[in-house]
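Okay, here's what each chain looks like letter by letter:
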Amino acid sequence: MERIYTFDTTLRDGEQSPGASMSMEQKHELALQLAHLGVDIIEAGFPVSSPHQFKACSVISESVKGPTIAALARTVDKDIEAAAESIKKADKPRIHTFIASSPIHMEYKLKKDPETVIEMARTGVAKARNLVPEVEFSPEDATRSELPFLCKLVESVIDAGATIINIPDTVGYAVPEEFGQFIKAIMEGVPNMDKAIISVHCHNDLGLAVANTLSAVKNGARQVEITINGIGERAGNAALEEFVMAMFVRKDILPFSTGINTKQIYNTSRLLSNIIGFPIPRNKPIVGDNAFAHESGIHQDGVLKFRETYEIMTPESVGRDASNIVLGRHSGMHGFKKRLGELGLHVEKEEIDSLYQRFLHLSDRKKEVYDEDLFALVSDELGRQYATYSLQYFNILSGNTSVPTGTVIIEKDNKMFEEASTGDGPVDAVFRAIDRITEINTTLKDYIVHAVTPGKQAMGEVTVSLDIEDRIYTGHGSSTDIIEASALAYVNALNRFETFKNNN
Ligand SMILES: [Zn+2]
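Note that the coordinates shown come from a computational prediction; the quantities given were computed from them, not determined experimentally.

K.L.:
Help me out: how do you make sense of the overall build of the protein in this one?
P.N.:
Across its full length, the protein holds 16 helices and 16 strands. In terms of overall size, the protein behaves like a compact globule, its C-alpha atoms giving a radius of gyration of 24 Å where 504 residues would be expected to give roughly 23 Å. Overall, the C-alpha framework of the protein stretches about 75 × 60 × 40 Å when taken along its three principal axes. Relative to its 504 residues, the protein shows a buried fraction of 57%. Across the protein, the fraction of contacts at a sequence separation of at least 24, relative to all contacts at a separation of at least 6, is 67%. Within the structure as shown, the protein displays about 21800 Å² of accessible surface, and the carbon and sulfur contribution to it stands at 52%. Across the protein, the 52 positively charged side chains and the 71 negatively charged ones have centroids separated by 2 Å.

Structure follows, in structure tokens:
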């Protein structure tokens, strides 16, 4: 079977999803898991855009081994130099450089004529090629570009040393049949195409990102740019899990292979969801709670008699084991560490003790600790480090005849701040008390509670979305106490705001 290279851009395009910004530690954790999942290329960031992005690329280059590490750059000198510098410690560094090629982008955004655009692309690629062994080039808004011009541009950059040509459907405008033909036309229209491979980068504005990606592969594309859970700009990118499983299930008409270990798909999806605090929709293909649930009696009966009656793939094939191993206090440090490893949760030596203490605390409050609880614990811990604010204490007074009152103590810069407030309910009172301490003007846009695991002692997961200075920040918290989970989620969103402020 022919090999398709998976280029994961969760850390770059994915992070551009509103509310999905990640801290350095979170990016590192996710990159380690992406390597474990088996992606071929990790796009770690856009180094020139901020010191935070630069650092993410250099930390990942140094410590994540296996995949190629790519950094994004426009075709200008300072971008290319920053990209090369940031990935110099990678075993396999790649610069991914881009310039817009559609008439609308060239005229209104770049304000450059087509000849100048070709010259800039050529010079940029040649410069990048002098600094790193592998260069990828993307003509931005390719699907709305004129084909003869696009072919000329691609020919020039291959001449200048690019060996991967990525065709992005930047605005998510293409439909599968047309996009496949477009890829074919580029392959036929560029005389030196044999010296490079074609890649595609599809956006999901019409819900067609995966379909367009598959169509491109059928027509000759050999690299795909995808993200975990399909996160990305606006409606997102093609989802890695959907693309990979479509090829896995339909080998008969899509006879291609990838380096992905499908059994790590579910873990990776959960990890990302916990890190960025975006819950996975129940009906999401492959990774949603309902993806393998059979509700209708006829379906249940069929599956019990013979699974394949209604199942095109098994939950085990994507790492959703029916035998969810349950831990408890008796499991000890050894059992705890072992299960974290099996779940692909990479914990640094310095963090394991504090994490283990939280695990013991949790197993006291809740007898059985499930995998989902461990994901929640680890991602909470990642969010906690290097945070501006941390919740130290809270207390509420609430009842059907009293005015709800909340008191909180928040730590900031090693100082403790205490405030109290009344509210419409206990959660509102706690949020208001926190606001008094941080003095940040927030509007609560969304508040979602869900049980991580079944049972009365279940951990509750709370997700809050706050509008602060016209941007959305999502926060995430988990606890067996719903008020505590809410306060943690709220503080987490405020910390994201502070991280964003410091990074930009
Ligand atoms: Zn994109």
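K.L.:
When you look at a nonpolar patch on the surface in this model, what are you seeing that I'm missing?
P.N.:
Nonpolar side chains collect at one region of the surface, where Leu444, Tyr447, Val449 and Ile482 lie side by side and expose about 310 Å² of accessible area between them. The dominant element in the nonpolar patch, judged by the number of residues it contributes, is strand 14 (residues 443-451), at three residues. Tracing the backbone shows valine 449 in strand 14. Classification of valine 449 as partly exposed rests on a relative accessible area of 40%.

K.L.:
Explain unusual backbone geometry here, please?
P.N.:
When glycine is set aside, most residues are seen to have a negative phi, and most peptide bonds are trans. Located in the positive-phi region is isoleucine 286, a residue other than glycine, with phi close to 70°. Summarising the element assignment, isoleucine 286 is placed in the loop between helix 10 (265-276) and helix 11 (297-305). Unlike most non-glycine residues, glutamate 469 shows phi in positive territory, near 50°. By the secondary structure assignment, glutamate 469 is in the loop between strand 15 (460-468) and strand 16 (471-479).

K.L.:
So what exactly am I meant to see when it comes to the sheet that holds strand 7 (residues 164-169) here?
P.N.:
Strand pairing within a sheet occurs via backbone hydrogen bonds; the two strands may be parallel or antiparallel. With respect to topology, eight strands assemble into a closed barrel ordered 2-3-4-5-6-7-8-9, the strand pairing being parallel. Taking the axes of each pair of neighbouring strands and ignoring which way they run, one obtains an average angle of 25° across the sheet. Its contacts with the sheet put helix 2 (residues 51-63) on strand 3 (41-45) and strand 4 (68-74), and the angle it makes with strand 3 is roughly 145°. Packing of helix 6 (residues 147-159) onto the sheet brings it into contact with strand 6 (134-140) and strand 7, and relative to strand 6 it is tilted by some 165°.

K.L.:
Could you clarify how one ought to interpret the packing of helix 6 against helix 7 (residues 176-189) in this entry?
P.N.:
When two helices pack together, you describe them by how their axes are tilted relative to each other and by the distance separating the axes. Taken N-terminus to C-terminus, the directions of helix 6 and helix 7 make an angle of 55°; their axes are 9 Å apart at the nearest point. Relative to helix 7, helix 6 is oriented oblique. Note that helix 6 runs across helix 7; the crossing there is right-handed. Facing Leu147, Leu150 and Cys151 of helix 6, the residues of helix 7 in contact are Phe182, Ala185, Ile186 and Gly189. Residue composition of the contact of helix 6 with helix 7, grouped by class: six nonpolar, one polar and no charged.

K.L.:
Which parts of the structure should I look at to understand the coordination of the zinc ion?
P.N.:
Bound to the zinc ion are the protein donor atoms Asp13 (OD), His201 (NE2) and His203 (NE2), situated 1.9 to 2.2 Å from the metal. Mapped onto the sequence, the residues coordinating the zinc ion show the spacing D-x187-H-x1-H. Judged by its relative accessible area of 4%, histidine 203 is buried.

K.L.:
I keep staring at the pattern of salt bridges and nothing clicks. Help me out?
P.N.:
Side chains that differ in sign of charge can pair as their charged atoms come close. A complete count under the given rule lists 29 salt bridges for this structure. Here aspartate 79 and arginine 74 are joined by a salt bridge, their closest N and O atoms 2.8 Å apart. Residue class for aspartate 79 comes out buried when judged on its relative accessible area of 0%. For arginine 74, a relative accessible area of 35% puts it in the partly exposed group. With a closest N to O distance of 2.7 Å, lysine 127 and glutamate 81 form a salt bridge. Here lysine 127 is found in helix 5 (residues 114-131), whereas its partner glutamate 81 is found in helix 3 (residues 77-86), with 46 residues between them in sequence. For lysine 127, a relative accessible area of 23% gives the class partly exposed. Taken together, the shared-partner salt bridges in this structure form one network comprising Lys338, Arg339, Glu342 and Asp371.

Parameters and conventions
- Residues numbered from 1 in each chain as written.
- Predicted model: local features only at pLDDT ≥ 70, side-chain atom pairs only at ≥ 80, totals over all residues.
- Heavy atoms only, no water.
- Helix = DSSP H or I, 4+ residues; strand = E, 2+ residues; numbered from the N terminus.
- Rg over C-alpha atoms; globule rule 2.2 N^0.38 Å.
- Buried < 20%, exposed > 50% of the residue type's maximum accessible area, 1.4 Å probe, protein only.
- Contact = heavy atoms within 4.5 Å.
- Areas by Shrake-Rupley, 256 points an atom, 1.4 Å probe, with all protein chains shown as cover.
- Lys, Arg positive; Asp, Glu negative; His and termini not counted.
- Charge placed at Lys NZ, Arg CZ, Asp CG, Glu CD.
- Patch = residues over 30% accessible without salt bridge, like charges linked within 9 Å, V, L, I, M, F, W, Y side chains within 5 Å.
- Salt bridge = Lys/Arg side-chain N within 4 Å of Asp/Glu carboxyl O.
- Pairing = 2+ DSSP bridges.
- Axes fitted to C-alpha atoms, helices over the stretch in contact; angles between N-to-C directions.
- Parallel < 35°, antiparallel > 145°, perpendicular 65-115°, else oblique.
- Left-handed = near helix turned anticlockwise from the far one by under 90°.
- Nonpolar A, V, L, I, M, F, W, Y, C, P; charged D, E, K, R; others polar.
- Donors = N, O, S within 2.8 Å, 3.2 Å for Na, K, Ca; no water.

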